[in-house]
Amino acid sequence: MIEIRNLHAEIDGKKIINGLSLIVKDGEVAAIMGPNGSGKSTLSYVISGRVGYEVTGGEILLNGESILEMNAAERASKGVFLAFQYPLEIPGVTTMTFLKACLNAQRKSRGEAELTTPDFIKRVKTGADKLGVPQEMLRRALNVGFSGGEKKRMEVLQMSLLEPTFAILDETDSGLDIDALRIVSEGVNALRDPKRSFLVITHYQRLLDYIVPDTVHVMSKGQIVKTGGKDLALELEANGYRDYVGEAA
Amino acid sequence: MAAVQETVDRVKSVDVDAYKYGFVSDIESEKAPKGLNEDIVRFISAKKNEPVWLTEWRLEAYRLWLTMREPDWARVSYPRINYQDLYYYSAPKNSPGPKNLDEVDPELLRTYEKLGIPLREQEILAGVQERRVAVDAVFDSVSVATTFKAELAKAGVIFCPISEAVHSHPELVKKYLGSVVPVSDNYYATLNSAVFSDGSFVYIPPGVRCPMELSTYFRINEQNTGQFERTLIIADKGSYVSYLEGCTAPKRDENQLHAAVVELIALDDAEIKYSTVQNWYPGDSEGKGGIYNFVTKRGDCFGARSKISWTQVETGSAITWKYPSCILRGDNSRGEFYSIAISNGRQQVDSGTKMIHLGKNTTSRIISKGISAGRSNNTYRGQVLAQKRASNARNFTNCDSLLIGETCGAHTIPYIEAKNASAVFEHEATTSKISEDQLFYCMQRGLSAEEATALIVNGFVRDVLQQLPMEFAVEAQKLISISLEGSVG
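Let me begin by describing the structure that accompanies this report.

Criteria and cut-off values
Residues numbered from 1 in each chain as written. Chains lettered and ligands numbered in written order. Predicted model: local features only at pLDDT ≥ 70, side-chain atom pairs only at ≥ 80, totals over all residues. Heavy atoms only, no water. Helix = DSSP H or I, 4+ residues; strand = E, 2+ residues; numbered from the N terminus. Buried < 20%, exposed > 50% of the residue type's maximum accessible area, 1.4 Å probe, protein only. Contact = heavy atoms within 4.5 Å. Areas by Shrake-Rupley, 256 points an atom, 1.4 Å probe, with all protein chains shown as cover. Rg over C-alpha atoms; globule rule 2.2 N^0.38 Å. Lys, Arg positive; Asp, Glu negative; His and termini not counted. Charge placed at Lys NZ, Arg CZ, Asp CG, Glu CD. Pairing = 2+ DSSP bridges. Buried area = accessible area lost by both parts, 1.4 Å probe. Salt bridge = Lys/Arg side-chain N within 4 Å of Asp/Glu carboxyl O. Polar contact = N/O pair within 3.5 Å; in protein donor to acceptor, adjacent residues only side chain to side chain. Phe/Tyr/Trp six-rings, centres within 6.5 Å; stacked < 30°, edge-to-face > 60°. Axes fitted to C-alpha atoms, helices over the stretch in contact; angles between N-to-C directions. Disulfide = S-S within 2.5 Å. Core = buried A, V, L, I, M, F, W, Y, C linked by side-chain atoms within 4.5 Å. Left-handed = near helix turned anticlockwise from the far one by under 90°. Nonpolar A, V, L, I, M, F, W, Y, C, P; charged D, E, K, R; others polar. Parallel < 35°, antiparallel > 145°, perpendicular 65-115°, else oblique.

This next bit is on the overall build of chain B. If you tally the helices and strands in chain B, you get 13 helices and 23 strands. For chain B, the proportion of its 489 residues judged to be buried stands at 62%. Taking as baseline every contact in chain B between residues at least 6 positions apart, the subset at least 24 positions apart corresponds to 84%. As displayed, chain B offers around 17,900 Å² of accessible surface, 48% of which is attributable to carbon and sulfur atoms.

What follows is the structure in structure tokens.
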């Protein structure tokens, strides 16, 4: 469970998050929708601990423990995962190498034994097959020359291997055609679990047809201005954000 | 990758400024008096019982050197070196030359053991190493041990200190010494010709594929002592040899001079693969101490279809001035240069290569990866030249620089000249920084900043690491991370 209390955060002295509060319970899929510039991506960076995003007030608790003093790697090992809107390319580092380094770094940080190579390969292969990721892609440098759909699938594969307790999907639908969207969404749905919570950030209702949320939050000017069920997304799709954007002060 | 993890563990286990090989061995040595004059040159020559022709060769070099000026075109700066304030000869006492390993000073064996260089053949054989490497260990001015000599001799391979080759194979030494890097070549090479102490000599007979990797391990121990080694490798027709060179030095506050000359000769259809992992003491983070590495390395692809390949991983030295080059004399010969040059702290690197195309249908390939961190400066300087006769010369150059942080510099200076219209030269160059986005992405997946940097850098240098023999590549990978320690955060 993640609990955000009265969070304030800024970048380069500019306030972006203004007293935001949000709870995502174990097993819950929460969606955050909102217009451009409302602070959705910033929120994902603040939660995952990106350098330069300064928290000036409030608290973020992951399963009751404050994560604000932890760096990004420590938060990742505690179970925070961010599926990037624009996954980064790492030239010369094969996908396999990257996955193994990350997985073992997290395991080590939690005091768990490193995976043996055969065990690791088995896990990757199982995960990759489910997502339709070809073996050949695992031997290529991470994300280098991947299509938009391949990159997003790779994000979901990483999520399935790292088994986070709290996953943020930042605009995972951007740049995806319908087929890719379906594959990626199925991948995410397969990871839904009573012990895992999701925060799905999106502009469009379309993604929520595939990943059906339990709750929908509307974000504007760095705050949550409206919370509802999955029907709220449909209403936003029909009427736009204007009914809610004005409410934030 | 396990190696990344291992490197990072090692990085964490050492202090900033810690240079792992910085210890000093307590070994009594015999030195020539300080300074340089004709008597010192004669002293060195006499110490090695050299024939008259070689003494004269040295003296000629010395006299020429007196008329030369230290080059100042490289992008490096350092206080003037007082050449009269150096020792030009230092040898461990009671060890006038290589002999049976059982007679070698145990302190010396311990020194190499500490450096991870096994000199006892039985230990190497008993170990888990899959591949054996024959080692020539050079300590200050002399070779102290050469392993696997008997086994190599069975294959006809000569691998011995050059001081020994002068006596055992004078015809080869006389024919080839100075044939690739002439006495008059440049200030440091000329100095080396006058005072060179020891180094390795390799001869591979026609048609022989050298049965194991050959390796020389250089160690500077004495204070204020220049190391001037000389390596000569001759691959006769149709032969093959892979040669590795490693080097370390103690941590000292004074700068130490290292001015080596390496000459390679490949006859028809021969191939020489020369790999270096250079890890001289780089000085501390403020630029105090460290080795001045002024080295001339050149290979002559003398025969048709011959091939010479240089691979270097440069992490040490306060100043590096080094351009391993190929003269592509034989028709259809090929030269390669793969380089990783890493600079951190106050290190200054001016390194690159020269590919001189003389023969027809000659090809060359240059892959250079420069990584700068701290307050260092890293310059790639490379020449590609096709002479008139070199029809259909081909070169491909790829020169990438990676910057870590805001206070370092990367410079690329190519000199490209084609005197034959059929030459095709390609040059690609990029300069990039490890982006904060990349670092954050890796950290979000659980890697620490150091681990993330190591991973990204290893990816950056992958093309070159793949050229190194396996065990060297793993070592180099670790070294890269250690060299970049403290560069992020």
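Now that the structure has been shown, the text picks up again.
With that settled, consider the overall build of chain A. The helix and strand tally for chain A stands at ten helices and twelve strands. Whereas a compact globule of 249 residues would reach a radius of gyration of roughly 18 Å, chain A reaches 18 Å, a difference of no more than 12%. The principal-axis extent of the C-alpha atoms belonging to chain A is close to 55 × 40 × 35 Å. Taking all 249 residues of chain A together, 54% fall into the buried category. A sequence separation of at least 24 residues applies to 69% of the contacts in chain A between residues at least 6 apart. Of the roughly 10,500 Å² of accessible surface on chain A, a fraction of 50% belongs to carbon and sulfur atoms. A gap of 4 Å separates the mean positions of the 30 positive and 33 negative side-chain charges of chain A.

A few words on the pairing of strand S19 (residues 363-372) of chain B. Regular strands have side chains that alternate between both faces of the sheet. All names here are of chain B. Where burial is concerned, most of S19 is hidden: eight out of the ten residues are buried. Note that strand S17 (residues 334-343) and S19 share ten bridges and pair parallel. Across the sheet, alanine 341 pairs through a bridge with glycine 370, a residue of S19.

What follows covers the interface of chain B and chain A. The interface of chain B with chain A comprises 21 residues on the first partner and 34 residues on the second. Taken over both partners, the interface formed by chain B and chain A buries close to 2,300 Å², and the fraction arising from carbon and sulfur atoms is 64%. The salt bridge partner of B:Asp437 is A:Arg50, with a shortest N-O separation of 2.4 Å. Inspection of the chain B/chain A interface yields twelve residue pairs in polar contact (both at pLDDT 80 or more). When residues of the side of chain B that touches chain A are traced back to their parent elements, those giving at least two are helix H1 (2-13), helix H10 (436-444) and helix H11 (449-460) of chain B.

All names here are of chain A. Every second residue of strand S6 (residues 80-83) is oriented toward a common face, with Val80 and Leu82 on one face and Phe81 and Ala83 on the other, all of them buried. Note that S6 and strand S9 (residues 166-170) share four bridges and pair parallel. In the strand pairing of S9, alanine 83 is matched with leucine 169.

The next point concerns the packing of aromatic side chains. By the definition in use, this model includes 24 aromatic pairs over all chains. Where A:Tyr45 meets A:Tyr53, the ring centres are 5.3 Å apart and the plane angle is 65°; that geometry is what we call edge-to-face. Aromatic pair A:Tyr45 and B:Phe440: ring centres 5.6 Å apart, planes at 85°, arrangement edge-to-face. With A:Tyr45 in helix H1 (residues 40-48) and B:Phe440 in helix H10, the pair connects residues from two separate chains. Each of the two residues, A:Tyr45 as well as B:Phe440, counts as buried. Aromatic ring contacts, followed pair by pair, group B:Tyr62, B:Trp65, B:Trp73, B:Tyr78, B:Tyr83, B:Tyr187, B:Tyr188, B:Tyr292, B:Phe294, B:Trp321 and B:Tyr323 into a single cluster.

This part takes up the sheet that holds strand S5 (residues 65-66) of chain A. Residue and element names in this part refer to chain A. Spatially, the four strands line up as an open sheet ordered S2-S1-S4-S5, and their pairing is antiparallel. Since the sheet does not close on itself, it has two edges, and those belong to strand S2 (14-24) and S5, each with one partner. Alignment of strand S1 (residues 2-11) against S2, held across eight bridges, turns out to be antiparallel. Of the residues in S2, the one forming a bridge with isoleucine 11 is lysine 14. Running over the sheet, H1 touches S1, S2 and strand S4 (53-62) and is turned about 110° from S1.

Tallied over the full model, the rule gives zero disulfides over all chains. Of all cysteine sulfurs, the one in B:Cys326 lies closest to B:Cys301, which takes part in no disulfide; the gap is 5.3 Å.

On to the environment of B:Ala74, then. All names here are of chain B. Considering the arrangement of structural elements, one finds alanine 74 in the loop between helix H3 (52-66) and strand S2 (90-92). A relative accessible area of 11% means that alanine 74 is categorised as buried. Separated by 307 residues in sequence, alanine 74 and arginine 381 place their C-alpha atoms 8.8 Å apart. In this structure alanine 74 touches Trp321, Tyr323, Asp350 and Arg381, once residues within four positions along its chain are discounted.

Here we take up the nonpolar core. Membership of the largest hydrophobic core comes to 112 residues, with the highest contact counts inside it found for A:Leu43, A:Ile47, A:Leu199 and B:Ile371. If we skip the residues at most four places from it in the chain, A:Leu199 touches A:Leu22, A:Val24, A:Ala30, A:Ile32, A:Leu43, A:Ile47, A:Phe166, A:Ala167, A:Ile168 and A:Leu169. With 52 residues, the next largest nonpolar core counts B:Ala74, B:Phe228, B:Leu257 and B:Ile265 among its residues.

Position of A:Ser44 relative to the elements: it lies in helix H1. Of note is the side chain of A:Ser44, whose polar atom sits 2.6 Å from the backbone oxygen of A:Ser41.

Take the pattern of salt bridges next. Taken as a whole and judged by the stated rule, the model has 33 salt bridges over all chains. A:Asp129 serves as the salt-bridge partner of A:Lys125, at 3.4 Å between the closest nitrogen and oxygen. Taken together, the residues span about one helical turn, with A:Lys125 and A:Asp129 both in helix H4 (residues 117-131) at a distance of four residues. Judged by its relative accessible area of 48%, A:Asp129 is partly exposed. The salt bridge involving B:Lys433 is made with B:Glu406; its shortest N-O contact spans 2.9 Å.

Right, let's get into the sheet that holds strand S3 (residues 29-33) of chain A. Residue and element names in this part refer to chain A. Read from one edge of the open sheet, six strands run S6-S9-S10-S3-S11-S12, paired in mixed fashion. If you trace the sheet from one side to the other, it starts and ends with S6 and strand S12 (223-228), each paired once. On average, adjacent strands in this sheet sit at an angle of 20° to one another, irrespective of strand direction. Relative to S12, strand S11 (residues 215-220) runs antiparallel, the two sharing five bridges.

Quick look at the packing of H10(B) against H11(B) now. All names here are of chain B. Where H10 contacts H11, the two axes come as close as 9 Å, and the packing angle between them is 115°. The chirality of how H10 crosses H11 is right-handed. Contacts from Gln438, Leu439, Cys442 and Met443 of H10 reach H11 at Ala449, Ala452, Thr453 and Ile456. Class assignment for the residues of the contact of H10 with H11 results in six nonpolar, two polar and no charged.

Attention now goes to the packing of helix H2 (residues 38-47) of chain B against H3(B). Residues and elements named next belong to chain B. Interhelical geometry of H2 versus H3 gives an angle of 150° and a closest axis separation of 10 Å. As judged from the angle between their axes, H2 and H3 are roughly antiparallel. The chirality of how H2 crosses H3 is right-handed. Within the contact between the two elements, H2 uses Glu38, Val41, Arg42, Ile44 and Ser45 and H3 uses Thr55, Arg58, Leu59, Tyr62 and Arg63. Considered class by class, the residues forming the contact of H2 with H3 number four nonpolar, two polar and four charged.

Here we come to the environment of A:Gly111. Relative to the assigned elements, A:Gly111 resides in the loop between helix H3 (95-109) and H4. C-alpha separation for the pair A:Gly111 and A:Leu22, spaced 89 residues apart in sequence, amounts to 31 Å.

A separate point is the environment of B:Asp85. Residues and elements named next belong to chain B. Relative to the elements of secondary structure, aspartate 85 occurs in the loop between H3 and S2. For the pair aspartate 85 and lysine 34, spaced 51 residues apart in the sequence, the C-alpha separation amounts to 6.1 Å. Within the structure, aspartate 85 has its side chain in polar contact with the side chain of lysine 34 (distance 3.1 Å).

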